[in-house]
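So you can see what is in the structure, the chains are spelled out below.
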Amino acid sequence: MKSPQSSSLLMQIFLCSIILLSHPQSALSSTTIYIMANNLDTPAKLEDGLMSISKQAETDDIDAIVNLGNIRPDENSCNVSSYAPLHEIISENMSSKTTTFWSVIGEKEYAKCPQPETDVQAWQNVFAPTNSDPPFFNNMVALRDPNYAENWGLIHKQVLYVGLNMMKDKGNINKALYKKQLRYQAKWVQKTFSDSIENGFVDAVVLMGYGYDPKLMNVFFRPFDRYMTARLKTAVPVMYLCATGGVSDTGGIESNFRGLDTFYELSVSDTVRNGDPFLKLVIEPNNLVAEDVFRVFVNEEEISMEQKNDSNEMEISTEQKNDSEIFGSASSALLENINQISSSTSLDDPTSPQSKARKWLLEQDPFRGSLSTSRSMNRYTIAVIYLSLRLPNIAAHLVGQENECSWTGVTCDAAGDVTKIDLQNSRLTGEIPSEIQYFAPTLEHVDFSENDIVGSIPDGLYSLRKLINLYLHNTTLTGALSPKVSNWAEFLHL
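Everything numeric in this text was worked out from a predicted model, so none of it was measured. (Residues numbered from 1 in each chain as written. Predicted model: local features only at pLDDT ≥ 70, side-chain atom pairs only at ≥ 80, totals over all residues. Heavy atoms only, no water.)

Trainee: I would appreciate a short explanation of the sheet that holds strand β13 (residues 410-412) in the present structure.
Mentor: Neighbouring strands of a sheet are bound in pairs by backbone hydrogen bonds; such pairs are parallel or else antiparallel. Read across the sheet, 4 strands follow the order β13-β14-β15-β16 without closing on themselves; strand pairing throughout is mixed. Here the strands that pair on one side only, and so sit at the sheet edges, are β13 and β16 (469-471). Averaged over all pairs of adjacent strands, the angle between strand axes in this sheet comes to 15 degrees, irrespective of strand direction. By the bridge criterion, 3 bridges tie strand β14 (residues 418-422) to strand β15 (residues 445-447) in an arrangement that is parallel. By the bridge assignment for β15, Asp422 is matched with Asp447. (Pairing = 2+ DSSP bridges. Helix = DSSP H or I, 4+ residues; strand = E, 2+ residues; numbered from the N terminus. Axes fitted to C-alpha atoms, helices over the stretch in contact; angles between N-to-C directions.)

Trainee: What is the right way to read the side chain of Asp203 from this model?
Mentor: Relative to the elements of secondary structure, Asp203 occurs in the loop between α5 (175-196) and β7 (204-208). For Asp203, which is buried and forms no salt bridge, the nearest opposite charge comes from Arg427, at a distance of 6.2 Å. A polar contact of 2.6 Å, which involves the side chain of Asp203, links it to the side chain of Gln158. Setting aside anything within four residues of it in sequence, one finds Asp203 in contact with Gln158, Val236, Pro237, Pro285, Asn286, Pro392, Asn393 and Ile394. (Buried < 20%, exposed > 50% of the residue type's maximum accessible area, 1.4 Å probe, protein only. Lys, Arg positive; Asp, Glu negative; His and termini not counted. Salt bridge = Lys/Arg side-chain N within 4 Å of Asp/Glu carboxyl O. Polar contact = N/O pair within 3.5 Å; in protein donor to acceptor, adjacent residues only side chain to side chain. Contact = heavy atoms within 4.5 Å.)

Trainee: Any chance you could explain α5 here in plain terms?
Mentor: Because an α-helix packs 3.6 residues into every turn, residues spaced three or four apart end up facing the same way. With 22 residues, α5 extends 31 Å from end C-alpha to end C-alpha; this agrees with the ideal 32 Å at 1.5 Å per step. Of the residues flanking the start of α5, the one acting as N-cap is Asn174, its side-chain oxygen 3.1 Å from the backbone nitrogen of Ala176. (Expected span 1.5 Å × (residues − 1).)

Trainee: It is not clear to me how the environment of Lys175 should be interpreted in this structure. Could you clarify?
Mentor: Tracing the chain through its elements places Lys175 in helix α5. In this structure Lys175 comes out as partly exposed when scored by relative accessible area, which is 43%. Taking the C-alpha atoms as reference points, Lys175 and Leu216, separated by 41 residues in sequence, lie 9.4 Å from one another.

Trainee: Looking at this structure, how should I read the sheet that holds strand β11 (residues 294-298)?
Mentor: With mixed pairing, 6 strands are arranged side by side in an open sheet as β3-β2-β1-β10-β11-β12. One side of each edge strand has no neighbouring strand; the edge strands of this open sheet are β3 (100-104) and β12 (301-303). Geometrically, the sheet is characterised by an average inter-axis angle of 30 degrees between neighbouring strands, direction not taken into account. Pairing between strand β1 (residues 31-37) and strand β10 (residues 279-283): 5 bridges, direction antiparallel. The residue bridging Thr32 from the neighbouring strand is Val282, located in β10.

Trainee: Can you walk me through the state of the cysteines in this structure?
Mentor: Defined simply, a disulfide is a covalent bond joining two cysteines at their sulfur atoms. Applying the stated criterion across every chain yields a total of 2 disulfides. With a sulfur-sulfur separation of 2.0 Å, Cys78 is cross-linked through a disulfide to Cys113. On the sign convention where negative is left-handed, the bridge of Cys78 and Cys113, at about -100 degrees about the S-S bond, is left-handed. A residue pair is termed long-range when its members are at least 10 positions apart, and Cys78 in the loop between β2 (64-68) and α3 (80-94) and Cys113 in the loop between β3 and α4 (116-127) qualify at 35 residues. Overall, the relative accessible area of 0% leaves Cys113 in the buried class. Disulfide pairing is shown between Cys405 and Cys412; the S-S distance is 2.1 Å. Disulfide Cys405 to Cys412: torsion about the S-S bond roughly -95 degrees, handedness left-handed. Classification of Cys412 by relative accessible area gives buried; the value is 18%. Ordering the disulfide-forming cysteines of the protein chain by sequence position, one finds them joined as 1-2, 3-4. (Disulfide = S-S within 2.5 Å.)

Trainee: Help me out: how do you make sense of the pattern of salt bridges in this one?
Mentor: Pairing of side chains with opposite charge becomes possible as their charged atoms draw close. Under the definition given, this model contains 8 salt bridges. The salt bridge partner of Glu284 is Lys356, with a shortest N-O separation of 3.6 Å. Here the residue Glu284 occupies a position in the loop between β10 and β11, and Lys356 occupies one in helix α10 (residues 353-364), the gap between them amounting to 72 residues. Residue Lys356 is classed as buried on the basis of its relative accessible area of 11%. Across the pair Glu404 and Arg379 runs a salt bridge, and its minimum N-O distance is 3.1 Å. Remark: Arg379 occurs in helix α11 (residues 373-389) and Glu404 occurs in the loop between α12 (394-398) and β13; sequence separation between them is 25 residues. Owing to a relative accessible area of 0%, Arg379 belongs among the buried residues under this scheme. Residues joined by salt bridges that share partners form a network here, namely Asp365, Arg375, Arg379 and Glu404.

Written out as structure tokens, the structure reads:
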């Protein structure tokens, strides 16, 4: 039996998912957020920062502006009136926008307050209001930590965002009480993860905290690391987004954060005045390749993801690689097969389902190089179908499973040939790819019904000469059936 607290959290998750599912097209787009960090603690600096973002993002469709702490202007008090000028500026500058403003609590709003445990309520009332009025959360349903209300979370476009109380400077904090809070936060985050990720509501997570002090925060991260390793594994990519406390040390995304696969870190330097380069974080949650989910830009130039080298600096790679460098020793037969069923245009586009599926197959698949060409082609084709139809939480359907016949919705015969693809009522929002034609010799049953799939029936579907059953009812497909249906010689049900 679930506790009242657990049931309440599940209800909030459910409401978030209803909002997400009521706008199926939201799953088709990426999320763009601009990040502000530190030193926006006067009305002039904050207004300058918002103006700068407006100038740099005139052509961007921004989902959110994120402030990573230290926004309190009054050094002597931590009350609502001290935040009022900033609240007014944010509301005025963003009143006509659909962009939302998210704030993460910083040291000036907590650790450096006279009485952190009680003064924090003023910050909560202004920057994490429960009514979610624009521009704060912008009418989004926010998840609330029932015991520490400065911690919040929300789901937007299949991404879970969680703002946490994560301090580097202990300041006036009672260390024993703060460590107790960190332990609690680790449990709350794990519960939030379990209810949202394991129920298939999200495909990526961004944890946000003011800072990162490994020694102090091990109280939080050690149990969280165990959860990532033992429970979450590599189901979805997770990023920890934090401020660095310096004006010139922003780097790219660090992979393998804390030694864990699909755990990434992005630390952001101070932003002070109009003209400073703000970081733009673009998130594509439904990307099959975990490393491509998070992308960072400064002044519209992308900073590539690299692991830190021995000098603890981030290397920025801009060189282009050819196919042999990218795909290593992949068999020429496999590449030729892929080129036969997918167009060069789609394979050359790094954002296409075909390009992403090929990259996963040749670089990320745990069993790459150990399977036959026909098995590998099965995996490639199914991955293209998943990506094109935008199956939620794609990576979780593939990770660690050698036999593609056990993948979601896939049935094979005794010889390992795909005979059935059943993705009925799977929250699909994309298009049927022509690559499905690869299964023409064996595929008998296709069910994409009860989904918000778009477009028309591709020629590849008419190539399925063994097709017996095709279910496409309650979808948003358009167009009439082609005379090519005559190819379905054994067809029985539509």
